[in-house]
Amino acid sequence: MHQQARRLRPGQRAQLFVHDIVTGADTLVAESESLLFEAPNWTPDGDWLLVNGDGLLQRVPATGGDPEPLEVPGLPLLNNDHVLSPDGRTAYVSGFDGHLHAVDLATRTHRRVSNDRGPDFVHFLHGVSPDDRLLAYIGMDLLPHGGARTNIYTVPTAGGPDAQLTDDDAPDDGSEFTSDGQWLWFNSERGSHEPGHAQLFRMRPDGSDVEQLTHDERVNWFPHLSPDGSRVVYVSFPPGTLGHPADLDVVIRLLELDDAGAVSGSGRDLVHLFGGQGTINVPSWAPDSRRYAYVAYPLS
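Residues numbered from 1 in each chain as written. Predicted model: local features only at pLDDT ≥ 70, side-chain atom pairs only at ≥ 80, totals over all residues. Heavy atoms only, no water.

Time to look at the sheet that holds strand β12 (residues 134–142). With antiparallel pairing, the 4 strands of this open sheet are ordered in space as β11-β12-β13-β14. Only two strands of the sheet have a single partner each, and these edge strands are β11 (121–128) and β14 (163–164). Inspection of the sheet shows β12 paired to strand β13 (residues 148–156) by 9 bridges, in the antiparallel sense. In the sheet register, Leu135 faces β13, and the bridge partner there is Val155. (Pairing = 2+ DSSP bridges. Helix = DSSP H or I, 4+ residues; strand = E, 2+ residues; numbered from the N terminus.)

This part is about the pattern of salt bridges. Note that side chains of opposite charge can pair when their charged atoms are close. Summed over all chains, the structure comprises 16 salt bridges. For the salt bridge of Asp54 with Arg7, the shortest nitrogen-to-oxygen distance reads 3.1 Å. Here Arg7 lies in the segment before β1 (14–20) and Asp54 lies in the loop between β4 (48–53) and β5 (56–61), a separation of 47 residues in the sequence. When its relative accessible area of 37% is taken as the criterion, Asp54 is described as partly exposed. Glu31 is the partner of Arg13 in a salt bridge, and the nearest nitrogen-oxygen pair spans 2.8 Å. One end of the pair, Arg13, is in the segment before β1; the other, Glu31, is in strand β2 (residues 26–32), with 18 residues separating them in the sequence. In the salt-bridge network here, residues are joined through shared partners; they are Arg149, Asp167 and Asp169. (Salt bridge = Lys/Arg side-chain N within 4 Å of Asp/Glu carboxyl O. Buried < 20%, exposed > 50% of the residue type's maximum accessible area, 1.4 Å probe, protein only.)

The 4 strands lie next to each other as β19-β20-β21-β22, forming an open sheet whose pairing is antiparallel. Every interior strand has two partners, whereas the edge strands, β19 (219–225) and β22 (268–275), have only one. Averaged over all pairs of adjacent strands, the angle between their axes in this sheet comes to 25°, without regard to strand direction. In the sheet, strand β21 (residues 248–256) pairs with β22 via 7 bridges, with the strands oriented antiparallel. Residue pairing across strands places Val250 opposite Leu273, the latter belonging to β22. (Axes fitted to C-alpha atoms, helices over the stretch in contact; angles between N-to-C directions.)

Attention shifts here to the packing of aromatic side chains. Under the definition given, this model contains 7 aromatic pairs. Note on Tyr137 and Tyr153: the rings are 5.3 Å apart at their centroids and 10° apart in plane angle, and the pair reads as stacked. Here Tyr153 lies in strand β13 and Tyr137 lies in strand β12, a separation of 16 residues in the sequence. Here the two residues Tyr137 and Tyr153 agree in accessibility, since each one is buried. Linked through ring pairs, Phe17, Trp285, Tyr292 and Tyr294 together constitute an aromatic cluster. The ring centre of Trp48 lies 3.8 Å from the NZ or CZ of Arg59, which sits over that ring. Between Arg190 and the ring centre of Phe201, over which it is positioned, the NZ or CZ distance is 6.0 Å. (Phe/Tyr/Trp six-rings, centres within 6.5 Å; stacked < 30°, edge-to-face > 60°. Lys NZ or Arg CZ within 6 Å of the ring centre and 35° of its normal.)

Here is the structure:
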């Protein structure tokens, strides 16, 4: 894999915010004019936010401060797809080598989790089951004449055979477990015949009972389930957006869920910002299910 970590454009900043969905308040936690950091996770103890920047894991105090790189000897450079184990001891990450790795945060050691599926298959991590036994990832098949095909897979965190959950030509992404482990939420273009119309879906962890959950004109990506199972936040791109590009005016939206985990009512806008890729790619809820973290990329 020949990839490089993203960089800020001239005059651009990366800003890490915490948003309180009850008060509507945004708190600026970290800001940089030199480091493009992305995709915040919140540690289960509520003390830290984990992001990536310059191809490295970085941590930021949840109360505010500068990103601190977490050096892991021998670990490949990373993209912005990473999740924390339920106990917060392990960071599961996607490397620019195309594989998934488990990082022990206490010892700063790592092991590869994913299987070798050939040089034209790339793993992008998005979810971990609440019992810490399965990772949900997007498998990207790079096609011989250009382009790619993406589907949803799981693989045991301890290593073992993959399970392919979807098998179609519609782009799928953002697969994430609910807090009870009964569903996987994801975004997909399977509900439209035209490209650039991703919506949110859910299915059982065996790939059955696929259900479309949003039905609007915008392009909806990366659903993140709150720890108490009552809410979902996601990033919504302008109509017709292809993929999940950087540097667009986007909206972070909220869905309320009922006791059965189904969508209750219509969604509402929480934050309008300049961002997209990197803003909220990974699970970013606080343990209290009231706050979540996101990244904006304003241009001066």
